[in-house]
Amino acid sequence: MAHPVDVHVGKRIRHRRWLIGMTQQQLAELVGIKFQQIQKYETGANRVSASRLWDISDALSVPVSFFFEGLQDDAAPASDKAQVPDDLMGDKEALDLVRSYYAIPENQRRRLFELARVLSDAA
């Protein structure tokens, strides 16, 4: 049975890889391993060693701490958790939405963000 931390780290690897539009094969080549190993990391089936996580963080252009963000979210109020799915960034549709959002020019993106904030406050 996979350890919850290994599963979380794997999901964060997948999340970042999807967010930047990188395939498992591309990440594997940058890190110097086979894509099947990336699959195992992303599912939590295999643990990622510290040195391998360092290489992955470099290939994905994020700090190592990125992979551990959200582990302490158990302290969040229950009302916040009810509104947002537990694995929001593990959802391909959500990642596509984020990728599309950042493809919008910044001035338009700010206006879209403000509109979304107003609409969410009205709901």
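Residues numbered from 1 in each chain as written. Predicted model: local features only at pLDDT ≥ 70, side-chain atom pairs only at ≥ 80, totals over all residues. Heavy atoms only, no water.

By the naming in an unreviewed UniProt entry, the protein chain is Transcriptional regulator, taken from Phaeobacter piscinae.

Caption draft 1: Structural context of the overall build of the protein chain. Of regular secondary structure, the protein chain possesses seven helices and zero strands. For the protein chain, the succession of helices and strands along the chain, N to C, is α-α-α-α-α-α-α. For the protein chain, buried positions account for 28% of its 123 residues. Here the contacts in the protein chain between residues at least 6 apart in sequence split such that 59% fall between residues at least 24 apart. (Helix = DSSP H or I, 4+ residues; strand = E, 2+ residues; numbered from the N terminus. Buried < 20%, exposed > 50% of the residue type's maximum accessible area, 1.4 Å probe, protein only. Contact = heavy atoms within 4.5 Å.)

Caption draft 2: Expanded view of a nonpolar patch on the surface. Taken together, the side chains of L112, L115 and L119 make up a nonpolar region of the molecular surface, amounting to roughly 280 Å² of accessible area. Positionally, L112 belongs in helix 7 (residues 106-122). (Patch = residues over 30% accessible without salt bridge, like charges linked within 9 Å, V, L, I, M, F, W, Y side chains within 5 Å. Areas by Shrake-Rupley, 256 points an atom, 1.4 Å probe, with all protein chains shown as cover. Salt bridge = Lys/Arg side-chain N within 4 Å of Asp/Glu carboxyl O.)

Caption draft 3: Spotlight on the nonpolar core. Grouped together as the largest cluster of nonpolar side chains are 17 residues, with contacts concentrated most on I13, L27, Y41, V48, I56, L60 and F67. Every residue in contact with I13, bar those within four places of it in the chain, is listed here: L27, Y41, E42, V48, L53, I56, L60 and F67. (Core = buried A, V, L, I, M, F, W, Y, C linked by side-chain atoms within 4.5 Å.)

Caption draft 4: Expanded view of the packing of helix 1 (residues 4-19) against helix 6 (residues 92-103). With their axes 9 Å apart at the nearest point, helix 1 and helix 6 run at an angle of 40° to one another. Taken together, the axis directions place helix 1 and helix 6 in an arrangement best described as oblique. Helix-helix and strand crossings are classified by hand; for helix 1 and helix 6 the assignment is right-handed. Along the contact surface, helix 1 presents H15, W18 and L19, while helix 6 presents K92, L95, V98 and R99. (Axes fitted to C-alpha atoms, helices over the stretch in contact; angles between N-to-C directions. Parallel < 35°, antiparallel > 145°, perpendicular 65-115°, else oblique. Left-handed = near helix turned anticlockwise from the far one by under 90°.)

Caption draft 5: Summary view of the pattern of salt bridges. Counted by the stated rule, this structure contains five salt bridges. A salt bridge links E69 to R12; the nearest nitrogen and oxygen atoms lie 3.0 Å apart. Remark: R12 occurs in helix 1 and E69 occurs in the loop between helix 4 (50-59) and helix 5 (78-83); sequence separation between them is 57 residues. Two residues, R99 and D96, come together in a salt bridge whose shortest N-O distance is 3.0 Å. With R99 and D96 both in helix 6 and three residues apart, this pair spans about one turn of that helix. Overall, R99 belongs to the partly exposed group, its relative accessible area being 30%. We classify D96 as partly exposed; its relative accessible area is 29%.

Caption draft 6: Region of the structure containing the side chain of R109. Along the chain, R109 falls in helix 7. Buried charge without a salt bridge: R109, with E106 as the nearest opposite-charge side chain at an N-O distance of 4.5 Å. (Lys, Arg positive; Asp, Glu negative; His and termini not counted.)

Caption draft 7: Just the packing of aromatic side chains, in detail. All chains considered together, the criterion is met by two aromatic pairs. Taking 5.0 Å as the distance between ring centres and 85° as the angle between the ring planes, the aromatic pair formed by Y101 and Y102 counts as edge-to-face. A relative accessible area of 55% places Y102 in the exposed class. If you follow R12 out to its NZ or CZ, it ends over the ring of F66, 3.9 Å from the centre. Above the face of the W18 ring, R14 is positioned so that its terminal group lies 5.3 Å from the ring centre. (Phe/Tyr/Trp six-rings, centres within 6.5 Å; stacked < 30°, edge-to-face > 60°. Lys NZ or Arg CZ within 6 Å of the ring centre and 35° of its normal.)

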